[in-house]
Amino acid sequence: MHSKLVTVDVKPFLKWPGGKRQLLSQLEPIIPLEFDRYFEPFLGGGAILFHLLSRKSQLTATVSDVNPELINCYKIIKYNLKELIKELKIHQKKYMKNREQYYYKIRDEFESKDKIENAAKFIFLNKTCFNGLYRVNKSGKFNVPRGRYLSPNIVNEENLEIISKLLNRNKITFKSSDFFKSLESVKNGNFVFLDPPYFPSCKSVHSTHYWSEPFVYSEHERLKEEIDRLDSKGVKIILTNSDTPETRRIFKDYMNNSIKVNGVRVISSSANTRSDHKQLIIKNF
Ligand SMILES: C[S@@+](CC[C@H](N)C(=O)[O-])C[C@H]1O[C@@H](n2cnc3c(N)ncnc32)[C@H](O)[C@@H]1O
């Protein structure tokens, strides 16, 4: 009934390193047309979720990320949009008066008991910090320096309203958990999209840091075991990663169905540069 409801482009509301908007044209033709439930356990900025929301008349999904403050933003956009927009407008105004001082004040205060306040601060910091990175120190405190944007788009009211409507119109369950836990309930007939933190694409570039626990080699091995378990149930899976010897080694059982993608520009957090980057889209069907 709603297949033509969304005619506007739905954009992620965050800048998220490794966001998959640039890969959409390669992913779109291989995403299954029919499935009962969608699972995305490395949600990040949600580029694929938003794409599916604008493509499908009714989406049933379980989406999650290890970052609870990120997941809190999605929930607040769904349930408390008005209050969120009000707070974002206040941040926008105060930031424009004294950028440096205001950014570090909010960064220091970040994470209180008030969920709406936290979501507004998360979005504000994401739009004004360096490259939209999310990095925390050993005690779990957000520590990314300020970015140098002339006019950061802190309140994209129209886009937030579209997202909120779509989240309310569809059956989306949000969770903040490790991917392993989120995939427990996947069944035959479901579709799973996996976009973990990538293997570093060359020795000088470290993997993008998203969380206090880095996604190291053994995490990719753990993911491969989980893929095997789901594959044996007949679940359709798409996985993205950098095209490295490590990726090819760990996911070798699925390499026959992989697609090589060249030249997508990525942000490298540590080297403080952007580089062309070869990627793999790996699937089991
Ligand atoms: C490459 S990003 C996903 C980008 C997303 N596809 C997009 O379009 O914006 C990887 C995400 O995995 C999350 N992550 C890292 N370790 C995780 C874990 N063990 N379980 C679940 N999510 C994890 C990070 O917080 C990050 O948001």
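Note that this is a predicted model, so its numbers are computed, not measured.

Describing the overall build of the protein chain
Part 1 of the argument: Of the regular secondary structure elements, the protein chain holds ten helices and seven strands.
Part 2 of the argument: Burial status across the protein chain gives 51% buried among its 285 residues.
Part 3 of the argument: Carbon and sulfur atoms provide 50% of the accessible area of the protein chain, an area that totals close to 13900 Å².

Brief notes about the confidence of the model for the protein chain
Part 1 of the argument: Taken residue by residue, the protein chain gives an average pLDDT of 90. The fraction at 70 or more is 89%.
Part 2 of the argument: This model gives residues 1–6 a pLDDT under 50, and the stretch forms eight contacts once residues within four places in sequence are excluded.
Part 3 of the argument: Low confidence marks residues 268–273, where pLDDT is under 50. Its contacts with residues over four positions away, or in another chain, come to twelve contacts.

Notes on the site of the ligand
Part 1 of the argument: Taken together, 23 residues sit near the ligand, with Lys20, Gly45, Asp65, Asp178 and Asp195 positioned nearest.
Part 2 of the argument: Between an oxygen atom of the ligand and a main-chain N or O atom of Gly45, the distance comes to 2.8 Å.
Part 3 of the argument: Contact between the ligand and Asp195: a nitrogen atom at 2.5 Å from a side-chain N or O atom of the residue.
Part 4 of the argument: Contact with the protein chains removes 97% of the 610 Å² of surface that the ligand exposes when unbound.
Part 5 of the argument: Tallied by class, residues from the shell around the ligand come to eleven nonpolar, six polar and six charged.

With respect to the nonpolar core
Part 1 of the argument: By size, the foremost hydrophobic cluster in this structure holds 64 residues, and its most contacted members are Phe13 and Tyr38.
Part 2 of the argument: Core analysis: the second largest hydrophobic core is formed by 21 residues, Phe179, Val192, Leu239 and Phe251 among them.

Re the pairing of strand 4 (residues 191–194)
Part 1 of the argument: Residues Phe191 and Phe193 point to one face of strand 4 and Val192 and Leu194 to the other, with burial holding for every one of them.
Part 2 of the argument: In the sheet, strand 1 (residues 38–40) pairs with strand 4 via two bridges, with the strands oriented parallel. Considered in strand 4, the bridge of Tyr38 is made with Phe191.
Part 3 of the argument: Bridging between strand 4 and strand 5 (residues 236–242) involves four bridges; their strand directions are parallel. Of the residues in strand 5, the one forming a bridge with Phe191 is Lys236.

Points about the packing of helix 4 (residues 81–97) against helix 6 (residues 115–128)
Part 1 of the argument: The contact between helix 4 and helix 6 brings their axes to 9 Å, and the two run at 45 degrees. On the basis of the axis angle, helix 4 is oblique to helix 6. At the point where helix 4 passes helix 6, the crossing takes the right-handed sense. Between helix 4 and helix 6, the contacting residues are Glu83, Leu84, Glu87, Leu88, His91 and Tyr95 on the first element and Ile116, Glu117, Ala119, Ala120, Lys121, Ile123, Phe124 and Thr128 on the second.

Comments concerning the environment of Ile162
Part 1 of the argument: For Ile162, the location among the structural elements is in helix 7 (residues 157–169).
Part 2 of the argument: Residues Ile162 and Ile77, 85 residues apart in the sequence, show an inter-C-alpha distance of 10.0 Å.

Some details on the packing of aromatic side chains
Two aromatic rings, taken as a pair, are described by how far apart their centres are and by the angle between their planes.
Part 1 of the argument: For the structure shown, the criterion picks out 20 aromatic pairs.
Part 2 of the argument: A ring pair is formed by Phe42 and Phe215, whose centres lie 5.7 Å apart and whose planes are at 85 degrees; its orientation type is edge-to-face. Taken as a pair, Phe42 in the loop between strand 1 and helix 2 (47–55) and Phe215 in the loop between strand 4 and helix 9 (217–231) lie far apart in primary sequence, 173 residues in all. Here Phe42 matches Phe215 in class, with each residue buried.
Part 3 of the argument: An aromatic cluster of at least three residues, connected via ring pairs, comprises Trp16, Phe110, Phe122, Tyr134 and Phe142.
Part 4 of the argument: One residue, Lys236, lies across the ring of Phe285, its end atom 5.5 Å from the ring centre.
Part 5 of the argument: Its guanidinium or amino end placed over the ring of Phe285, Lys283 lies 5.3 Å from that ring's centre, counting from NZ or CZ.

Comments concerning unusual backbone geometry
Part 1 of the argument: Phi at Glu111 is positive, roughly 85 degrees, even though this residue is not glycine.
Part 2 of the argument: Take Glu111: it is sitting in the loop between helix 5 (99–109) and helix 6.
Part 3 of the argument: We note that Asn131 has phi near 60 degrees; this positive angle belongs to a residue other than glycine.
Part 4 of the argument: With respect to the secondary-structure elements, Asn131 resides in the loop between helix 6 and helix 7.

Structural notes on the side chain of His51
Part 1 of the argument: Positionally, His51 belongs in helix 2.
Part 2 of the argument: With residues near it in sequence (within four places) discarded, His51 still touches Leu24, Glu28 and Ile31.

With respect to helix 9
Part 1 of the argument: The end-to-end C-alpha distance of helix 9, which contains 15 residues, comes to 21 Å, matching closely the 21 Å that a straight helix rising 1.5 Å per residue would cover.
Part 2 of the argument: For helix 9, every residue scored as buried is listed here: Glu219, His220, Leu223, Lys224, Glu226, Ile227 and Leu230. The buried residues of helix 9 occupy an angular sector of 165 degrees when the element is viewed end-on, so they sit on one face.
Part 3 of the argument: In the core, the buried residues of helix 9 are packed alongside helix 8 (179–182), strand 4, strand 5 and helix 10 (245–250).

Conventions used here
- Residues numbered from 1 in each chain as written.
- Predicted model: local features only at pLDDT ≥ 70, side-chain atom pairs only at ≥ 80, totals over all residues.
- Heavy atoms only, no water.
- Helix = DSSP H or I, 4+ residues; strand = E, 2+ residues; numbered from the N terminus.
- Buried < 20%, exposed > 50% of the residue type's maximum accessible area, 1.4 Å probe, protein only.
- Areas by Shrake-Rupley, 256 points an atom, 1.4 Å probe, with all protein chains shown as cover.
- pLDDT = per-residue confidence, 0-100.
- Contact = heavy atoms within 4.5 Å.
- Near = heavy atom within 4 Å.
- Polar contact = N/O pair within 3.5 Å; in protein donor to acceptor, adjacent residues only side chain to side chain.
- Nonpolar A, V, L, I, M, F, W, Y, C, P; charged D, E, K, R; others polar.
- Core = buried A, V, L, I, M, F, W, Y, C linked by side-chain atoms within 4.5 Å.
- Pairing = 2+ DSSP bridges.
- Axes fitted to C-alpha atoms, helices over the stretch in contact; angles between N-to-C directions.
- Parallel < 35°, antiparallel > 145°, perpendicular 65-115°, else oblique.
- Left-handed = near helix turned anticlockwise from the far one by under 90°.
- Phe/Tyr/Trp six-rings, centres within 6.5 Å; stacked < 30°, edge-to-face > 60°.
- Lys NZ or Arg CZ within 6 Å of the ring centre and 35° of its normal.
- Expected span 1.5 Å × (residues − 1).
- Arc of directions from axis to C-beta.

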